[in-house]
Amino acid sequence: METIRVKEVEYNNAPAHHQLYHQNVKRFTEEFKTIHNIAPKFIIQTYGCQMNEHDSEKMSAMLINLGFEETEVLEEASLVLYNTCSIRENAENKVYGHLGSLKSLKRKNPELIIGICGCMMQQEHIVETIKNKYKHVDLIFGTHNLHLLPQLLNQSIAADDMIIDVWDNADSVVEGLPVKRKRNSKAYVNIIYGCDNYCTYCVVPYTRGKIRSRRAEDIVAECKLLIDEGVKEITFLGQNVNSYGQDLEKKVSFAELLTMVNAIEGKFRLRFMTPHPKDLSDELIMAIANLDKVCEYLHLPVQAGSNSLLKAMNRRYTVENYLEKVNKLKRAVPDITLSTDIIIGFPGESEADVDDLIELIKIVEYDSAFTFIYSKRGGTPAAKFDNQIPEPLKHQRFDRMLKVLNQIVKRKNAALLDREFEVLIEGKARDKNYMIGRTRQNHTVNVLADGIEIGDFVDVRITKAGGFSLYGEKLSNE
Ligand code: SAM
Ligand code: SF4
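Residues numbered from 1 in each chain as written. Chains lettered and ligands numbered in written order. Predicted model: local features only at pLDDT ≥ 70, side-chain atom pairs only at ≥ 80, totals over all residues. Heavy atoms only, no water.

1. Some details on unusual backbone geometry
Working step 1: Following methionine 273, the chain continues to threonine 274 via a peptide bond in cis, the omega torsion being 10 degrees.
Working step 2: As for its position among the elements, threonine 274 is in the loop between strand 13 (269-273) and helix 9 (282-290).
Working step 3: In the Ramachandran plot, asparagine 37 falls in the positive-phi region, its phi being about 65 degrees despite a non-glycine side chain.
Working step 4: Examined against the element boundaries, asparagine 37 turns out to sit in the loop between helix 1 (16-36) and strand 2 (41-46).
Working step 5: Positive phi is not limited to glycine here, since asparagine 442 has a value of about 75 degrees.
Working step 6: Along the chain, the position of asparagine 442 falls in the loop between strand 18 (434-439) and strand 19 (444-448). (Helix = DSSP H or I, 4+ residues; strand = E, 2+ residues; numbered from the N terminus.)

See the structure below:
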């Protein structure tokens, strides 16, 4: 696997043609400034998972380096970028809706550059639709070449036609891209790209390509830098983080990577998402138990509660394996909290499958869950299964499952009353008397704001635990 380093590419060590792209775009932003007395502004609308959010943080930094400024007001923008998600049909429909409404903005401001990138663009039929129906779009690129944004922008500024550049796959890892993080106290760090699991419902292996792990030394160096800059929580990102390192020449296990980063000096927390249950090894369970910076929280997507559905989904574990691993985890890390992903309405699902799922939810007692209604994704095996479930039935089953899940989550939340936790403060709460933060176990807590800053670790006692929200007050130090 080749590693491409783009550090300094921007302006210094870049090949001549790269420098030219950068210089051209910078000239464009400077001329804009001369004419309008303000820098051209950009807005990136991000859909989907943390991977997309982090990609957008990289694109923001590239644009700022080129002389753009970020705005949250669509009408102010000279460049609008949609970073799209394909995981479910409604994510795609939202993008089409927003693209349609940009038509009038483009009419008012023909200089506006409209770009669209991310997972949707990795699918040929979607690019065709945009080419034919959304002719006001200027630039289309995919998930594998976002590091070339300056070059693509340069082409788009110079051309009258739509620029389309989507790569089928990536056989390299790009290092050194700048990042403009949304929050200073928390940082995402990609450790592995792509996915080789081919769950039969999922589009990700087709939009994000084969797995490519970053070298451990690059990850550790990035984490060190972040801690030096004052970051208090690092979240490792990957579609299947615990298959990390198996594609590297010098194999490194995920638990070994956690151990290396845990050894960095300083007070910080370490989280990761998403691990796959089939790859949850004893070594990883012990790492969660023993490494002081690794939080006592695991998101362990189960998807279904019966072996026949898990097999049809190609998840490669059984209910029994899953529960055995959960038990091991609970024994090794007694205060661990668990969350999960659940899909209702997968082809062939019966009422008995839903009963089994509810039974599993009751056994595990999840602290939270992301629940989804199955969405047929073109190009995936399950889209061709002939036993699709009618929409109204999916919704009925979804409600049945959610009722039980919510009861459990509420009960577990209520049991937190009067307990004490260390909370990392992340931002201001909606109620301005409160700040909001998270426990190591990933509970969100509203903490009375008195003298508390973002990035503080605060010992808190839970004073109110109603429904899904938690309130707490800072413990005095005496
Ligand atoms: N890689 C992670 C894993 O294996 O658990 C999750 C990746 S995916 C971005 C997040 C979640 O979306 C999945 O866990 C699954 O529950 C859900 N999902 C994926 N494809 C779906 C589909 N076709 N319909 C409904 N939900 C889907
Ligand atoms: Fe999709 Fe399965 Fe890969 Fe997760 S592990 S990204 S659900 S194919």
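Additional details are given in the paragraphs that follow.
2. A closer look at the pairing of strand 12 (residues 233-237)
Working step 1: In terms of burial, strand 12 is a largely internal element, 5 of the 5 residues being buried.
Working step 2: Alternating positions in strand 12 separate into two faces, Glu233, Thr235 and Leu237 on one and Ile234 and Phe236 on the other, with burial throughout.
Working step 3: The pairing of strand 9 (residues 186-190) with strand 12 spans 5 bridges and is parallel. Along strand 12, the bridge assignment pairs lysine 186 with glutamate 233.
Working step 4: Pairing between strand 12 and strand 13: 5 bridges, direction parallel. Along strand 13, the bridge assignment pairs phenylalanine 236 with phenylalanine 272.
Working step 5: Handedness of the strand 12-helix 8 (residues 254-262)-strand 13 crossover: right-handed. (Buried < 20%, exposed > 50% of the residue type's maximum accessible area, 1.4 Å probe, protein only. Pairing = 2+ DSSP bridges. Right-handed = clockwise from strand over helix to strand, strands pointing away.)

3. Brief notes about the confidence of the model for the protein chain
Working step 1: With 96% of its residues at a pLDDT of 70 or more, the protein chain shows a mean pLDDT of 93.
Working step 2: Contacts from residues 7-13, a stretch scored under 50 in pLDDT, to residues over four places away or in other chains number 17 contacts. (pLDDT = per-residue confidence, 0-100. Contact = heavy atoms within 4.5 Å.)

4. A look at the side chain of serine 243
Working step 1: Relative to the helices and strands, serine 243 resides in the loop between strand 12 and helix 8.
Working step 2: With relative accessibility at 14%, the residue serine 243 sits in the buried group.
Working step 3: With near-sequence residues (within four places) excluded, serine 243 lies in contact with Ile192, Ile211 and Asp279.

5. Remarks on the environment of glutamine 441
Working step 1: Residue placement: glutamine 441 occurs in the loop between strand 18 and strand 19.
Working step 2: Glutamine 441 gets classed as buried once you look at its relative accessible area, which sits at 9%.
Working step 3: Separated by 351 residues in the primary sequence, glutamine 441 and asparagine 90 place their C-alpha atoms 31 Å from one another.
Working step 4: Once residues lying within four places of it in the same chain are set aside, the contact partners of glutamine 441 are Glu296, Tyr297, Asp335, Thr337 and Phe421.

6. Concerning the packing of aromatic side chains
Working step 1: Across all of its chains, the model carries 11 aromatic pairs by this definition.
Working step 2: Relative to tyrosine 82, the ring of tyrosine 47 has its centre 6.2 Å away and its plane inclined at 40 degrees; by these criteria the two rings are tilted. With tyrosine 47 in the loop between strand 2 and helix 2 (50-65) and tyrosine 82 in strand 4 (residues 79-84), the pair connects residues that are 35 residues apart, well separated along the chain.
Working step 3: Three or more aromatic residues joined by ring pairs form one cluster here, namely Tyr201, Phe346, Tyr374 and Phe385.
Working step 4: Just above the ring of phenylalanine 457 sits the side chain of lysine 267; from NZ or CZ to the centre is 4.4 Å. (Phe/Tyr/Trp six-rings, centres within 6.5 Å; stacked < 30°, edge-to-face > 60°. Lys NZ or Arg CZ within 6 Å of the ring centre and 35° of its normal.)

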